[in-house]
Amino acid sequence: MTLFDCSAGSCGIVSEIGGSRSVHRRLAELGLIGASYRVRARNAHSVLVDFGNVSCVIQSSVAANIKILER
């Protein structure tokens, strides 16, 4: 399952980041692999996600490459 497949309110842990090298490197450097998340809102183009004390808007194309384990 990917982050883009999640509905608003779902929680879990980021297990893997796919996509281009630059996107993978950027998200891995932010510490997202193994990070807990909570989806606050989503639409067809983006997902609003809390990673601890940080909120991010992630484009659907990037969110579709972030594999998660839902709780």
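Please read all numbers here as calculations on a predicted model, not as lab measurements.

J.: Is there a simple way to explain the side chain of Thr2 in this structure?
T.: Looking at the element boundaries, Thr2 is found in the segment before β1 (11-17). On the basis of relative accessible area, Thr2 is assigned to the buried category, the value being 14%. Within the local environment of Thr2, its side chain forms a polar contact with the side chain of Asp5, the two groups lying 2.9 Å apart. Excluding residues that lie within four positions of it along the chain, Thr2 makes contacts with Ala63, Ala64, Ile66, Lys67 and Ile68.

J.: Looking at this structure, how should I read the nonpolar core?
T.: One recurring pattern in soluble globular proteins is that nonpolar side chains are buried together. Judged by nonpolar contacts, the single largest core of 18 residues is most densely connected at Leu3, Tyr37, Phe51, Ile58 and Ile66. Ranked by the residues each element gives to this core, the list is headed by strand β3 (residues 46-51), at three residues.

J.: Looking at this structure, I do not really get the sheet that holds β1. What am I missing?
T.: Whether parallel or antiparallel, the strands of a sheet pair through hydrogen bonds between backbone atoms. Within the open sheet, the five strands sit side by side as β4-β3-β2-β1-β5. Their pairing is antiparallel. The strands lining the two open edges of the sheet, one partner per strand, are β4 (54-59) and β5 (66-70). Across this sheet, the average inter-strand angle for adjacent strands is 45°, counted without regard to direction. Where strand β2 (residues 36-42) lies against β3, four bridges are found, and the strand directions are antiparallel. When the bridges of β3 are listed, Val39 appears paired with Val49.

J.: Could you clarify how one ought to interpret the packing of aromatic side chains in this entry?
T.: To describe a pair of aromatic rings, one takes the distance between the centres and the angle between the planes. Evaluated as defined, the whole model comprises zero aromatic pairs. One residue, Arg42, lies across the ring of Phe4, its end atom 4.4 Å from the ring centre.

J.: Is there a simple way to explain the state of the cysteines in this structure?
T.: Note on terminology: a disulfide is the covalent bond linking the sulfur atoms of two cysteines. Considering all chains together, one arrives at zero disulfides under this definition. There is no disulfide at Cys11, and the cysteine sulfur nearest it, in Cys6, is 9.3 Å away. Assessed through its relative accessible area of 29%, Cys11 is described here as partly exposed. Looking at the unpaired Cys56, the closest cysteine sulfur is the one in Cys6, lying at 15 Å. The partly exposed category is assigned to Cys56, whose relative accessible area is 26%.

So, how was this worked out
- Sequence order as written defines the numbering, with residues in each chain counted from 1.
- In view of the model being predicted, local features appear only for residues whose pLDDT reaches at least 70, and side-chain atom pairs are presented and counted only at 80 or more, with totals across whole chains, interfaces and linings using the full set of residues.
- To obtain the side-chain values, all non-hydrogen atoms of the structure were used and water was disregarded.
- Labels follow the DSSP assignment, with helices taken as runs of H or I lasting at least four residues and strands as runs of E lasting at least two, numbered in each case from the N terminus.
- The buried label applies to any residue whose accessible area, calculated with a 1.4 Å probe on protein chains only, is under 20% of its type's maximum; exposed applies above 50%, and partly exposed to all values in between.
- Pairing of N or O atoms within 3.5 Å defines a polar contact, subject to two protein rules: one partner must be a possible hydrogen donor and the other a possible acceptor, and residues neighboring in sequence count only if both atoms are side-chain atoms.
- Between two residues, a contact is recorded if the distance between any of their heavy atoms is within 4.5 Å.
- The criterion is simple. A nonpolar core is a set of buried Ala, Val, Leu, Ile, Met, Phe, Trp, Tyr and Cys residues joined through side-chain atoms within 4.5 Å.
- Pairing between strands requires that DSSP locate at least two bridges from one strand to the other.
- In this analysis, axes come from line fits to C-alpha atoms, helices being fitted only over the stretch in contact, and the angle between any two N-to-C directions falls in the range 0 to 180 degrees.
- Working definition: a ring pair exists when centres of Phe, Tyr or Trp rings (six-membered ring for Trp) sit within 6.5 Å. Plane angles under 30 degrees give stacked, over 60 give edge-to-face, the rest tilted.
- Charges are assigned to positions over rings by a cutoff of 6 Å between ring centre and Lys NZ or Arg CZ, combined with an angular limit of 35 degrees from the ring normal.
- Here, the term disulfide refers to a pair of cysteine sulfur atoms separated by no more than 2.5 Å.

Nothing here speaks to function; it is all geometry.
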